[in-house]
Amino acid sequence: MQCQLSAHDEGEHFGLLTDAGAYGTALWLRWDGTDEAELAVLPDCSVAAPGPDGEGCCLFADHAKQHTWEDALEEVSCTN
């Protein structure tokens, strides 16, 4: 599993398992360093990119870093 947050070395990491849960939530795998991973049901981020055709952020609400469309280092897909 690869962390879907923008590049970082420290802190918690999150990988999307499925968004097939209740409306507005997704099932994420959360881990910190080499500790064991745990499952977390998190609400979807509701922020969309600026502009009339703004793409929605593929992360969870209250993520600490950039939204998925702001990450210039790597294309992130909501369906990975």
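Cut-off values and rules
- Residues numbered from 1 in each chain as written.
- Predicted model: local features only at pLDDT ≥ 70, side-chain atom pairs only at ≥ 80, totals over all residues.
- Heavy atoms only, no water.
- Helix = DSSP H or I, 4+ residues; strand = E, 2+ residues; numbered from the N terminus.
- Buried < 20%, exposed > 50% of the residue type's maximum accessible area, 1.4 Å probe, protein only.
- Polar contact = N/O pair within 3.5 Å; in protein donor to acceptor, adjacent residues only side chain to side chain.
- Pairing = 2+ DSSP bridges.
- Axes fitted to C-alpha atoms, helices over the stretch in contact; angles between N-to-C directions.
- Contact = heavy atoms within 4.5 Å.

Caption draft 1: Region of interest: the environment of His67. Mapped onto the fold, His67 is located in the segment after β3 (38-43). In this structure His67 comes out as buried when scored by relative accessible area, which is 16%. His67 sits 18 residues away from Ala49 along the chain, and the two C-alpha atoms are 8.4 Å apart. Here the side chain of His67 touches His63 through a polar contact of 3.1 Å, side chain to side chain.

Caption draft 2: Looking closely at the sheet that holds strand β1 (residues 12-18). As summarised here, the arrangement of the three strands in space is β1-β2-β3, forming an open sheet in which the pairing is antiparallel. A single partner strand is all that each edge strand has here, and the edge strands are β1 and β3. Across the sheet, the axes of successive neighbouring strands diverge by a mean angle of 40°, strand direction being ignored. Here strand β2 (residues 25-32) runs beside β3; their pairing, made up of six bridges, is antiparallel. In the strand pairing of β3, Ala26 is matched with Leu42.

Caption draft 3: Structural detail: the environment of Glu36. With respect to the helices and strands, Glu36 occurs in the loop between β2 and β3. Glu36 gets classed as exposed once you look at its relative accessible area, which sits at 76%. Among all residues touching Glu36, those that are not within four sequence positions of it are Arg30 and Trp31.

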